[in-house]
Amino acid sequence: MKPALKRFILLALLQCDGMPMPESALIQAAKQMTRPGQPTDGDVFEALKAVETDGYVIGATDDITGRQWTLTTKGVLKARQLQ
């Protein structure tokens, strides 16, 4: 399940074309698109943290919009390979 979640996260953020995606939207989208495995919020968050640790994504938090995620340069290259 985790590889499918990681792949979805990278491809979803690639479609954002450099615009940050809110964490809540990313988690809900990943849960919907990786069915029938029925991942939990925790499963998606674990995959998100794994791609962050690998240097593919970066998250930023502010008081108004909360936590948002975008691809790093390394993440863009990896996501393009997965297309």
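The preceding data block contains the structure.
Summarised in this report is the structure supplied together with it. Counting starts from 1 at the beginning of each chain's written sequence and moves along it residue by residue. Two thresholds apply to this predicted model, a pLDDT of at least 70 for residue-level local features and 80 or more for giving and counting side-chain atom pairs, whereas whole-chain, interface and lining totals are computed over all residues. Each side-chain value is derived from all of the structure's non-hydrogen atoms; neither hydrogens nor water enter the calculation.

Thoughts on the nonpolar core
Right, so step 1: Among the buried residues, those of types Ala, Val, Leu, Ile, Met, Phe, Trp, Tyr and Cys that are joined through side-chain atoms within 4.5 Å form a nonpolar core. Relative accessibility under 20% of the residue-type maximum defines a buried residue, over 50% an exposed one, and the middle range a partly exposed one, all with a 1.4 Å probe and only protein chains included. The biggest cluster of nonpolar side chains holds 20 residues, and the ones touching the most others in it are Ile9, Leu13, Leu26, Leu48, Val57 and Leu71.
Right, so step 2: Helix and strand definitions follow DSSP, with helices as H or I runs of at least four residues and strands as E runs of at least two, each counted in order from the N terminus. Of all the secondary-structure elements, those providing two or more residues to this core are helix H1 (2–15), helix H2 (23–33), helix H3 (41–53) and strand S3 (66–71).
Right, so step 3: In terms of residue count, H1 provides more of this core than any other element does, 7 residues in total.
Right, so step 4: The residues contacting Val57, other than those within four sequence positions of it, are Leu10, Leu13, Leu48, Val51, Glu52, Trp69, Thr70, Leu71 and Thr72. Any two residues whose heavy atoms approach within 4.5 Å are treated as being in contact.

Observations concerning the packing of aromatic side chains
Describing an aromatic ring pair means giving the distance of the ring centres and the angle of the ring planes.
Right, so step 1: Classification of ring pairs uses Phe, Tyr and Trp, with its six-membered ring standing for Trp, and accepts pairs whose centres are within 6.5 Å; under 30 degrees between planes counts as stacked, over 60 as edge-to-face, and the remaining range as tilted. Taken as a whole and judged by the stated rule, the model has 0 aromatic pairs.
Right, so step 2: When the NZ atom of lysine or the CZ atom of arginine is within 6 Å of a ring's centre and also within 35 degrees of its normal, the charge is said to sit over that ring. The ring of Trp69 carries the charged tip of Arg67 above its face, separated from the ring centre by 4.6 Å.
Right, so step 3: Lys74 extends its terminal NZ or CZ atom over the ring of Tyr56, reaching a point 5.0 Å from the ring centre.

Thoughts on the sheet that holds strand S1 (residues 21–22)
Right, so step 1: Spatial ordering of the open sheet is given by S1-S3-S2, a layout of 3 strands whose pairing is antiparallel. Single-partner strands in this sheet number two, and they are S1 and strand S2 (57–62).
Right, so step 2: Two strands pair under a simple rule: DSSP has to find at least two bridges between them. Sheet topology places S1 next to S3; 2 bridges connect them, and they run antiparallel. Across the sheet, the residue bridging to Met21 is Trp69, located in S3.

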